[in-house]
Structure formats: C-alpha cells, structure tokens
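Survey of secondary and tertiary structure
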Amino acid sequence: MTETVTLCNGIWLRLKRRGRWEFAERTNPGGGVMIIAVTPEDNVLFVEQYRPALECMTIEMPAGLVGDDPESSAENAVQAAHRELIEETGYRAGSMDFIMSGPTSAGMSNEILAFVRARDLERVDQGGGDETEDITVHEIPRTDAARWLVEKMADGYSVDPKMFAGMYFLEHDIAMPHGARA
C-alpha cells in the first residue's frame, strides 16, 4: 500500500497525496446532502448563490453539509436535509425520503453526497441561508425546470449537473429501499 501524506489541513477539507494521486478529503464524517423539493403548487425549489471556489453565481438545489454544526454533529443525511431545507428556502417538509448516496467526484474527493426527496412542503420562514450565506430562492414550475436551468446556463450561471440527476429522480419518483442506504 502506498503511503498517504497530508499536504494541507483546513476546517472543512484536507488535501492529501497517495503516490502520485492528490485528492481532497472532507473532514466532516457525514458528507453532504442535496434536497429535491417541490412546493404544493408543483414548483421545484432551486437556490442561487455566489460560490467563491468558482468565482460566480450558481444554481443548485438546496443542499448542505451533514453534521457541520456542533449542535448537529450526530445528525444523519435526512436530519440534515430537514435543517438545510428550512434554512435555505424557508420550507419545512412533512416527510423526507432517502434516494441514494454516492461520490461527488470520485477522482478528486472522498466526499459522499446523499440525495433526499422532500415531500409535503409548508412555508415556515423566509429562507435565504444562515448569517454566512446570501441565498435567493427560485420556485420554478416543474414542467419548465429543465428549460429554466438551460436558460440560466446561457445567462452565465454555473448550473450544477447534479440538478439534472435531481430532476430525473423527481420525474421517476425513485427512492431506494430502506436497507440500501450507504
């Protein structure tokens, strides 16, 4: 086995080298969660925010890190999804279904992302993120969502390709059996 060397330690990431391979490692053990959410009016929720790593505005589905706050360090992906959905969009879900989890970029990071489907939404707050975020919430009719994402790309936004995976899961109402969680 090739020795692993830590090149840099950050708060949320660690840069490592194993042989010739350099990769980022998430320091929070729970990974991330992306929430596929549709309002009672059949609008898909998207969030717009500036991402410093890309130096541009992005369009994403509500998402966040699992266990990134000391008060929520023991939470699982579904619990984090409940918290992040309210924080980012102002909507509370009556129920959440785990869909699947997997690597976000297996060639450069050990980060695992869980997809969760939020159901029975109710507006309970304004959303917009926590004190470190400046999030704009977009409610886009489900039938127009894919077209809207493509238009946002044409307008210069960075659109996370996982949005299209989320739309696929939404349209096919896919949920993994309880025992299939990673």
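So, here is what we can say about the structure in this document. Counting restarts for each chain, with residues numbered from 1 along the sequence as it is written. Under the rules for a predicted model, residues below a pLDDT of 70 receive no local features and side-chain atom pairs below 80 are neither given nor counted, while totals for whole chains, interfaces and linings still include all residues. Excluding hydrogens and water, the side-chain figures rest on all heavy atoms present in the structure.

1. Remarks on the packing of helix α2 (residues 145-154) against helix α3 (residues 162-172)
- To get an axis, a line is fitted to the C-alpha atoms, and for a helix only the part in contact is used. The angle between two axes follows their N-to-C directions and goes from 0 to 180 degrees. Helix numbering and strand numbering both begin at the N terminus, where a helix is a DSSP run of H or I of at least 4 residues and a strand a DSSP run of E of at least 2. The geometry of α2 relative to α3 is characterised by a closest axis approach of 11 Å and an angle of 175 degrees between their N-to-C directions. As judged from the angle between their axes, α2 and α3 are roughly antiparallel. In contact with Ala-145, Ala-146, Leu-149, Val-150 and Met-153 of α2, α3 contributes Met-163, Phe-164 and Met-167.
- Each residue gets one label: Ala, Val, Leu, Ile, Met, Phe, Trp, Tyr, Cys and Pro are nonpolar, Asp, Glu, Lys and Arg are charged, and the others, such as Gly, are polar. For the contact of α2 with α3, the per-class residue count stands at 8 nonpolar, no polar and no charged. Geometric relationships in this document are graded by angle, where less than 35 degrees denotes roughly parallel, more than 145 denotes roughly antiparallel, 65 to 115 denotes roughly perpendicular, and other angles denote oblique. Note on contacts: a residue pair is in contact if any heavy atoms of the two residues lie within 4.5 Å.

2. Some words on the environment of Ile-59
- By the element assignment, Ile-59 lies in strand β6 (residues 56-60).
- Distance in space between the C-alpha atoms of Ile-59 and Thr-136 is 9.5 Å, their sequence separation being 77 residues.
- For Ile-59, the residues in contact, after removing those within four places along its chain, are Phe-46, Val-47, Glu-48, His-138, Trp-148, Leu-149, Lys-152, Tyr-157, Ser-158, Val-159, Asp-160 and Met-163.

3. Some thoughts on the sheet that holds strand β9 (residues 112-123)
- Spatially, the 4 strands line up as an open sheet ordered β7-β4-β9-β8, and their pairing is mixed. Pairing within the sheet leaves two strands with one partner each, and these edge strands are β7 (63-65) and β8 (91-103). Within the sheet, the average angular offset between the axes of one strand and its neighbour, ignoring direction, is 25 degrees.
- At least two bridges found by DSSP between two strands is the condition for calling them paired. Relative to β9, β8 runs antiparallel, the two sharing 11 bridges. Within the sheet, the bridge partner assigned to Ser-95 lies in β9 and is Arg-119.
- Lying on the sheet, helix α1 (residues 77-89) is in contact with β4 (32-37), β7, β8 and β9; it crosses β8 at an angle near 125 degrees.

4. Points about the nonpolar core
- Met-34, Ile-36, Val-44, Phe-46, Met-61, Leu-149 and Met-167 are the most contacted members of the largest nonpolar core, which has 21 residues in total.
- Of all the secondary-structure elements, those providing two or more residues to this core are β4, β5 (43-51), β9, α2 and α3.
- Beyond its immediate stretch of four places on either side in the chain, Met-34 contacts Met-61, Pro-62, Ala-63, Leu-113, Ala-114, Phe-115, Val-116, Lys-162, Met-163 and Gly-166.
- Put simply, buried Ala, Val, Leu, Ile, Met, Phe, Trp, Tyr and Cys residues joined by side-chain atoms within 4.5 Å make one nonpolar core. Exposed residues in this analysis have more than 50% of their type's maximum accessible area, buried residues have under 20%, and partly exposed residues fall in between, with area computed by a 1.4 Å probe over protein chains only. In this structure, Ile-35, Ala-77, Leu-85 and Met-96 belong to the second largest nonpolar core, which totals 18 residues.

5. Description of α3
- Burial in α3 covers these residues: Met-163, Gly-166, Met-167, Phe-169 and Leu-170. All buried residues of α3 lie within an arc of 160 degrees about the axis, which places them on one face of the element.
- Directly beyond the C-terminal end of α3, a positive phi value near 45 degrees is found at Asp-173. Think of the arc as the fan of directions from the helix axis to the C-beta atoms.

6. Some points on the pairing of β9
- In this sheet, β9 lies alongside β4 in parallel orientation, the contact comprising 6 bridges. Across the sheet, residue Val-33 finds its bridge partner in β9, namely Ala-114.

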